[in-house]
Amino acid sequence: MHTRLPGKPDDGLYDNQKNIDNLTAAVQTINTTHADADFVAVTGDMVGALFSEDPADYLAGIANPAEKFKELMGGLAIPYHAVLGNHDYQKSYDATIDEWITTDDIAAIESVWKKVLGIEPYYSIVHKGVRLLFLNANRGSARAAVCAGEDVE
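It should be emphasised that the depicted structure is a prediction, and the values quoted were computed from it without experimental measurement.

**Re the pairing of strand β5 (residues 123–127)**
Note that β5 and strand β6 (residues 130–134) share 5 bridges and pair antiparallel. Within β6, the position partnered with Val126 by the bridge is Arg131. Between β5 and β6, which pair antiparallel in sequence order, lie 2 residues; one of them, Lys128, sits at a positive phi of approximately 50 degrees.

If you want it as structure tokens, here you go:
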């Protein structure tokens, strides 16, 4: 999904408004062609980067990609369950070096997502008698190695 906002530093690399328009269209498509689904599973990368690691900046009237994602997904006619991806741990994007900046404060980032979406980094749900696990691979020593063994992502 990589929800982004126009005017952020990554807007020069991506068309952030088009990104929002595409997610809006995807939600509409799900509502019209898959309304009989039980739920949508979002498998990470809800945002391109958060641009703030401070949980106090969220649900405080400050435009941000996390709340934009929540707003757009709120248009779904069915529930959704999301898990954190590597970009959901990105704190910023540096256009001068064309590189995403991963957080050093995992707890703060996870607090942001708990505040905005009410999710933990790992959780499970039971659906029709089946336990579904929502896991992510963004902890441990390899979390900042976006593409281990490669020079460029």
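Moving on from the coordinates now.
**Points about helix α1 (residues 16–33)**
Between its terminal C-alpha atoms α1 stretches 26 Å, which fits the 26 Å expected from 18 residues at 1.5 Å a residue. Among all positions in α1, only Asn16, Asn19, Ile20, Leu23 and Val27 are buried. Here the buried residues of α1 occupy an arc of 100 degrees about the axis, which is enough to place them on one side. At its buried positions, α1 is contacted by α2 (65–73).

**Remarks on the packing of α2 against helix α3 (residues 106–117)**
Following both chains from N to C, one finds α2 and α3 inclined at 30 degrees, their axes separated by 10 Å at the closest point. Comparing the axis directions of α2 and α3 gives the class roughly parallel. In the packing of α2 onto α3, the handedness of the crossing is right-handed. Seen from α2, the contacting residues are Ala66, Glu67, Phe69 and Lys70; seen from α3, they are Trp113, Val116 and Leu117. Per-class residue counts for the contact of α2 with α3 are 5 nonpolar, no polar and 2 charged.

**A few points about the packing of α1 against α2**
Packed helix pairs are specified by the crossing angle of their axes together with the interaxial distance, meaning the distance between the axes. Contact pair α1 / α2: the axes reach a minimum separation of 9 Å and the direction vectors enclose 30 degrees. Taken together, the axis directions place α1 and α2 in an arrangement best described as roughly parallel. When you trace α1 past α2, the crossing you get is right-handed. Taking contact as the criterion, the partners of Ile20, Leu23, Thr24 and Val27 in α1 are, on α2, Lys68, Phe69, Leu72 and Met73.

**Observations concerning the environment of Asp15**
When you line up the elements, Asp15 lands in the segment before α1. Look at Asp15 and you get partly exposed, because its relative accessible area is 47%. Expressed as a C-alpha distance, the spacing of Asp15 and Val126, which sit 111 residues apart in the sequence, is 38 Å.

**Comments concerning the environment of Ala66**
With respect to the helices and strands, Ala66 occurs in helix α2. We classify Ala66 as buried; its relative accessible area is 0%. A sequence separation of 18 residues divides Ala66 from Gly48, and the C-alpha atoms of the two residues are 9.4 Å apart. Residues within four places of Ala66 in sequence aside, it is in contact with Val47, Leu50, Tyr58, Trp113 and Val116.

**Re unusual backbone geometry**
The backbone of His2 shows a phi angle near 45 degrees, a positive value even though the residue is not glycine. In this structure, His2 sits in the segment before α1. Residue classification places His2 among the partly exposed positions, given a relative accessible area of 25%. With phi around 55 degrees, Asp45 is a residue other than glycine that occupies positive phi space. Locating Asp45 in the fold gives a position in the loop between β1 (40–42) and α2. When its relative accessible area of 14% is taken as the criterion, Asp45 is described as buried.

Here is what the cut-offs are and how they apply
- Residues numbered from 1 in each chain as written.
- Predicted model: local features only at pLDDT ≥ 70, side-chain atom pairs only at ≥ 80, totals over all residues.
- Heavy atoms only, no water.
- Pairing = 2+ DSSP bridges.
- Helix = DSSP H or I, 4+ residues; strand = E, 2+ residues; numbered from the N terminus.
- Expected span 1.5 Å × (residues − 1).
- Buried < 20%, exposed > 50% of the residue type's maximum accessible area, 1.4 Å probe, protein only.
- Arc of directions from axis to C-beta.
- Contact = heavy atoms within 4.5 Å.
- Axes fitted to C-alpha atoms, helices over the stretch in contact; angles between N-to-C directions.
- Parallel < 35°, antiparallel > 145°, perpendicular 65-115°, else oblique.
- Left-handed = near helix turned anticlockwise from the far one by under 90°.
- Nonpolar A, V, L, I, M, F, W, Y, C, P; charged D, E, K, R; others polar.

Structural measurements only, silent on function.
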